[in-house]
Amino acid sequence: MTAQQTTRLHLDGLHCASCVRRAETALNAVPSVGSAQVNLATKTADISFDGPIAPVIDAVRAAGFGVDTSQVLLDVTGATCASCVGRIEKAALAQPGVTAATMNLATGQLRVQVAGDQDTAALIAAVQGAGYQARPVADSEQHVDPQQAEGAQLRRDLWIAGILTLPVVILAMGGHFIPAFHDLIARSIGHTANNLIQFALTTLVLAWPGRRFFRHGVPLLLRATPDMNSLVALGTAAAWVYSTVATFAPAILPDGARDVYYEAAAVIVTLILLGRMLEARAKGRTGAAIRALMGLRPDTALVVTETGPQERAIDTIALGDLIRLRPGERVAVDGQVDSGTSYLDESMITGEPVPVQKGPGDAVTGGTINGQGAITYRATGIGHDTVLARIIAMVQDAQGAKLPIQGLVDRITAWFVPAVLATAVLTVILWLVFGPAPALQSALVAGVSVLIIACPCAMGLAVPVSIMVGTGRAAELGVLFRRGDALQALQGVQVVAFDKTGTLTMGRPELVETITADGVDAAEMHRLIAAVESLSDHPVARAIAKAAGDAPLPPATEFEEIPGFGLRAVVEGKTVVVGAERLLVREGIAPGDLPRQAARLAASGATPVFAAINGRAVAVMGVADPVKPSARVAIDALHAAGVKTAMITGDTQATADAIAAQLGIDTVIAGVLPKGKVEALDTLKTQGRLAFVGDGINDAPALASADIGIAIGTGTDVAIETADVVLMSGDLVGVVNAVDLSRRTMGNIRQNLFWAFGYNVLLIPVAAGALHMFGGPMLSPMLAAGAMAASSVFVVTNALRLRFVGAKI
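Residues numbered from 1 in each chain as written. Predicted model: local features only at pLDDT ≥ 70, side-chain atom pairs only at ≥ 80, totals over all residues. Heavy atoms only, no water.

Focus on the overall build of the protein
Next up, step 1: Along the protein, the regular secondary structure elements total 30 helices and 30 strands.
Next up, step 2: Once the C-alpha set of the protein is aligned to its principal axes, its extents read approximately 120 × 65 × 60 Å.
Next up, step 3: Residues classed as buried in the protein amount to 52% of the 809 residues present.
Next up, step 4: When the accessible surface of the protein is split by element, carbon and sulfur atoms take 59% of a total near 34300 Å².
Next up, step 5: For the protein, the distance from the average site of its 60 positive side-chain charges to the average site of its 69 negative ones is 6 Å. (Helix = DSSP H or I, 4+ residues; strand = E, 2+ residues; numbered from the N terminus. Buried < 20%, exposed > 50% of the residue type's maximum accessible area, 1.4 Å probe, protein only. Areas by Shrake-Rupley, 256 points an atom, 1.4 Å probe, with all protein chains shown as cover. Lys, Arg positive; Asp, Glu negative; His and termini not counted. Charge placed at Lys NZ, Arg CZ, Asp CG, Glu CD.)

Pasting the structure below:
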């Protein structure tokens, strides 16, 4: 029976005693819960349970309460292969309150989602108990490249190993290249001294630069949880022990089996260190996108104080501080312009190449570059709350995500290293029983080759390095994957549905035509309508209000916004309604001849807006929203990629059809109320996997309902928080880039997995001596070490090709 563990959850939504009772009832109904006590004052639940915490949290949420979670980030050292990843995650998940744990082999970081009060020290102890070293990552260190320090240490060890190994190789193998060299050794120092020198140098190689394999591998081997270090330690130790016996106690070995293999042990260590150094260098390049984003943030800013301007570290800036921005400088934090005007280059954030003019009241974004003007702005977002910090966090979360395809890798690597050990033992036994004399030497060579050539590293790196490079390159192109699994889901998208206003169009509609009913005073009508429209934030309403000019507007009372229909208010004692034709129908107002005029407006691509005063239809107005220049290009590119397109809009069918024809969109669903977008998406899902692109608050449910939600970064925060993918600019080419990068990244992952698995499936039998059965050669352990080192480097280098993927259009 699993031991009981205790944790404290912080609950959202506890308001009264009945809430407490409902929460406790839900918790105590979970079979694994021994006891549960909910405290209304502290809004916490103290729970004793056994087994995983997921069913406990599910029960709380099913009862209608939220559970506060937090993230712990740990730097883990000693993880070298896919087996390590599974072992570390398992150790973390066994801790109370841990809901998810993801170890990224490419970054060496463990991300742990925790519900409740989890002691970080206990998490570190759990990881250390699994055989690895761990430490918490401070905020200031989250963007430091761990591969740089590792690479420097590996480079030092490689030099030492190389200097010590070179004489061993010359002494052991010089005779193979220069036959007289063998006789020279025999006549000068003698074979015994030769073996003693090789013994001393190889022992130094294993004990000095090669100790990392034994320090990590042997403890895990003793715990019966071997990893790649264990394989290397066993292989090199076997060659060293055999050679040592042949040197100091040759009588123990049969005649003809007294050769030494010191050079094999030394070269194996040297080649694997070379492979790891190249791998660390390549992995360091995979984080280039994050480092580039971090480089956008200046270290200091000129803060205006009572005593004058002061240069301050960016971390000391507080909300409300007044900051002076000089020409050519980067904006330190998010803020609002207080005085001055200038043009800012925002291309590194939004992807828009044209500088944007900023003046008093305008927002500025940290990391953007000031032009020739000087402005003063007030800090409105600092630290983790800046746009740049949120972008970096999104990219890091996506890079640390575990894709569904990783599940296959995890299942295989769980038994891979034990299977290699068993194969090596079986290989030795078969050679001893069936091999030709000297069987012991052949058994040793084959067994060591099997241990060394196996490469769980390549399998562990195949997915995460491609994700890191792919999502990093996407960020450089203005595409942010908020969820890692969206990277995999987007590759198979078959239909992309677009919201119209603000997504396919500029979102800046203009009043292009007004048709009034007979006997209506146009000026008076516009004044009353504008008074109502000025109270709404809807783009169409703003366009109509703007058309009234700067003339003073009368106050409107009893204002009501009817979603999907329009507006209603009382102005100067008159009831004014403005909106879609269905609003007049709802109000029981006869539209007269205006629908015929509306049809003409709709056919031209304008949105018809009806108006009625005191129950009489007085006008229909045509509001046109210009289509984005990139819309047609993006639609054509999606079609070329085999993706169908659709448009969902609240406009009339005629207006929607006119815009769809202009853009070449396949399917149009018009007349959709905000609440009906989800139902419209359900209809489109019958055509295949669906992505929805939107930007407004009313798009949030649709973004969440679609298989993949894509939000325009210029839209609302609600839409962005709901989406799986965020486009930093309003350019719809980003949709094409997102689909293309998803397909390329997943293709790169498949290439890596094919190599990683194919390499092991093909070369392990060769290492065991399969070719020798058909008259071929035995595989040298040194060649096996070279192949293993090259395997990991190939996977990382292949992933780095994604850095050079350009914009699709």
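Focus: empty space enclosed by the protein
Next up, step 1: Tallied over the entire structure, the rule returns two cavities of 30 Å³ or more.
Next up, step 2: Reported here for the second largest cavity is a volume of approximately 110 Å³.
Next up, step 3: As for the second largest cavity, its lining consists of 14 residues, of which Met103, Ala401, Lys402, Gln406 and Pro464 are closest to the centre.
Next up, step 4: Take the lining of the second largest cavity: its biggest share by element is three residues, from strand E6 (residues 98-104).
Next up, step 5: Residues of the lining of the second largest cavity, tallied by class, amount to seven nonpolar, six polar and one charged. (1 Å grid on protein atoms, 1.4 Å probe; cavity = no way out; pocket = protein on both sides within 12 Å on 5 of 7 lines; lining within 4 Å. Points joined across faces, edges and corners; volume = space filled by probe spheres on them. Nonpolar A, V, L, I, M, F, W, Y, C, P; charged D, E, K, R; others polar.)

Examining the environment of Gln396
Next up, step 1: As for its position among the elements, Gln396 is in helix H13 (residues 387-399).
Next up, step 2: Look at Gln396 and you get buried, because its relative accessible area is 11%.

What to know about the packing of helix H15 (residues 439-453) against helix H29 (residues 733-768)
Each pair of packed helices can be summarised by the angle the axes make with each other and by the distance between the axes.
Next up, step 1: In the contact formed by H15 and H29, the axes pass within 8 Å of each other and the chain directions differ by 165°. Judged by the inter-axis angle, H15 sits roughly antiparallel to H29. For the pair H15 and H29, the sense of crossing is right-handed. Contacts between H15 and H29 pair Ala446, Ser449, Val450 and Ile453 from the former with Tyr759, Asn760, Leu763, Ile764, Ala767 and Ala768 from the latter.
Next up, step 2: The class makeup of the residues in the contact of H15 with H29 is eight nonpolar, two polar and no charged. (Axes fitted to C-alpha atoms, helices over the stretch in contact; angles between N-to-C directions. Parallel < 35°, antiparallel > 145°, perpendicular 65-115°, else oblique. Left-handed = near helix turned anticlockwise from the far one by under 90°. Contact = heavy atoms within 4.5 Å.)

Considering the packing of aromatic side chains
Each pair of aromatic rings is reported with the distance of its centres and the angle of its planes.
Next up, step 1: Applying the stated criterion to the full structure yields six aromatic pairs.
Next up, step 2: Between Phe199 and Trp240 the ring centres are 5.9 Å apart and the planes differ by 25°, which places this aromatic pair in the stacked class. Within this pair, whereas Phe199 is found in helix H7 (residues 190-207), its partner Trp240 is found in helix H9 (residues 228-248), the two being separated by 41 residues in sequence.
Next up, step 3: Trp240 sits in the partly exposed class, given a relative accessible area of 24%.
Next up, step 4: Seen in terms of ring centroids, Phe199 and Tyr262 are 6.1 Å apart; in terms of plane orientation they differ by 65°. Their pairing is edge-to-face. Taken together, the residues Phe199 in helix H7 and Tyr262 in helix H10 (residues 262-286) connect sequence positions 63 residues apart.
Next up, step 5: Exposure remark for Tyr262: the relative accessible area of 0% places this residue in the buried category.
Next up, step 6: An aromatic cluster of at least three residues, connected via ring pairs, comprises Phe199, Trp240, Phe248 and Tyr262.
Next up, step 7: A cation sits over an aromatic face here: Arg582 above Phe565, 5.8 Å from the ring centre. (Phe/Tyr/Trp six-rings, centres within 6.5 Å; stacked < 30°, edge-to-face > 60°. Lys NZ or Arg CZ within 6 Å of the ring centre and 35° of its normal.)

A look at the sheet that holds strand E9 (residues 300-305)
Next up, step 1: Taken together, the six strands give an open sheet; going across it, the order is E10-E9-E11-E17-E12-E15, and neighbouring strands pair in antiparallel fashion. Pairing within the sheet leaves two strands with one partner each, and these edge strands are strand E10 (308-313) and strand E15 (363-364).
Next up, step 2: Note that strand E12 (residues 334-339) and strand E17 (residues 375-381) share five bridges and pair antiparallel. Looking across to E17, one finds that Asp334 is bridged to Gly381. (Pairing = 2+ DSSP bridges.)

Quick notes on the sheet that holds strand E4 (residues 66-67)
Next up, step 1: The strand order across the open sheet formed by four strands is E2-E3-E1-E4, and the pairing between neighbours is antiparallel. Each of the sheet's edge strands pairs with one partner strand only, and the pair in question is strand E2 (33-39) and E4.
Next up, step 2: Judged from the six bridges that link them, E2 and strand E3 (residues 44-49) form a sheet pairing that is antiparallel. The residue bridging Val38 from the neighbouring strand is Ala45, located in E3.
Next up, step 3: Each of strand E1 (5-12), E2 and E3 is contacted by helix H1 (residues 17-28), which is oriented at about 165° to E2, the strand it contacts most.

Quick look at the pattern of salt bridges
Next up, step 1: Under the defined criterion, the tally for this structure stands at 20 salt bridges.
Next up, step 2: Its salt-bridge partner being Asp75, residue Arg135 comes within 3.5 Å of it at the nearest N-O pair. Separated by 60 residues along the polypeptide, Arg135 in strand E8 (residues 133-136) and Asp75 in strand E5 (residues 69-77) bring together distant segments of the chain.
Next up, step 3: Judged by its relative accessible area of 40%, Arg135 is partly exposed.
Next up, step 4: Each of Arg156, Asp157 and Arg212 takes part in a single network of salt bridges with overlapping partners. (Salt bridge = Lys/Arg side-chain N within 4 Å of Asp/Glu carboxyl O.)

Quick look at the environment of Asp315
Next up, step 1: By secondary structure assignment, the location of Asp315 is in the loop between E10 and strand E11 (322-325).
Next up, step 2: Counting along the chain gives 133 residues from Asp315 to Val448, while the straight-line C-alpha distance between them is 54 Å.

Remarks on a nonpolar patch on the surface
Next up, step 1: Residues Val425, Leu426, Ile429, Leu430, Leu432, Val433 and Phe434 make up a contiguous nonpolar surface patch of about 690 Å² in total accessible area.
Next up, step 2: Relative to the assigned elements, Val425 resides in helix H14 (residues 406-434). (Patch = residues over 30% accessible without salt bridge, like charges linked within 9 Å, V, L, I, M, F, W, Y side chains within 5 Å.)

Notes on the side chain of Asn229
Next up, step 1: Tracing the backbone shows Asn229 in helix H9.
Next up, step 2: Residue Asn229 is classed as buried on the basis of its relative accessible area of 0%.
Next up, step 3: For Asn229, the contacting residues outside a window of four places in its chain are Gly78, Thr80, Phe213, His216, Gly217 and Arg276.

Regarding the confidence of the model for the protein
Next up, step 1: Taken as a whole, the protein shows an average pLDDT of 84; of its residues, 94% reach a score of 70 or greater.
Next up, step 2: Averaged pLDDT values over the elements of the protein bottom out at 60 in helix H28 (residues 717-722) and peak at 94 in strand E26 (residues 644-648). (pLDDT = per-residue confidence, 0-100.)

Looking at unusual backbone geometry
Leave glycine aside and you will find that most residues have negative phi; peptide bonds, for their part, are mostly trans.
Next up, step 1: The backbone of Glu572 shows a phi angle near 50°, a positive value even though the residue is not glycine.
Next up, step 2: Its place among the elements puts Glu572 in the loop between strand E22 (566-571) and strand E23 (574-579).
Next up, step 3: Owing to a relative accessible area of 43%, Glu572 belongs among the partly exposed residues under this scheme.
Next up, step 4: In the Ramachandran plot, Asn614 falls in the positive-phi region, its phi being about 55° despite a non-glycine side chain.

Some words on the side chain of Arg87
Next up, step 1: By the element assignment, Arg87 lies in helix H3 (residues 82-93).
Next up, step 2: For Arg87, the residues in contact, after removing those within four places along its chain, are Ala130, Tyr132, Leu220, Thr225, Pro226 and Asp227.

Some points on the environment of Ile189
Next up, step 1: Considering the arrangement of structural elements, one finds Ile189 in the loop between helix H6 (179-188) and H7.
Next up, step 2: By relative accessible area, Ile189 is classed as partly exposed at 38%.
Next up, step 3: In this view, Ile189 contacts Asn194 and Ile197; residues no more than four positions away in its chain are not counted.

Quick notes on the packing of H13 against helix H17 (residues 464-476)
Next up, step 1: Between H13 and H17, the least distance of the axes is 9 Å, while the angle of their chain directions is 155°. With respect to H17, the element H13 is oriented roughly antiparallel. As H13 runs across H17, the sense of the crossing is right-handed. Along the contact surface, H13 presents Val395, Ala398 and Gln399, while H17 presents Ile467, Met468, Thr471, Gly472 and Ala475.
Next up, step 2: Here the contact of H13 with H17 is built from residues that sort into five nonpolar, three polar and no charged.

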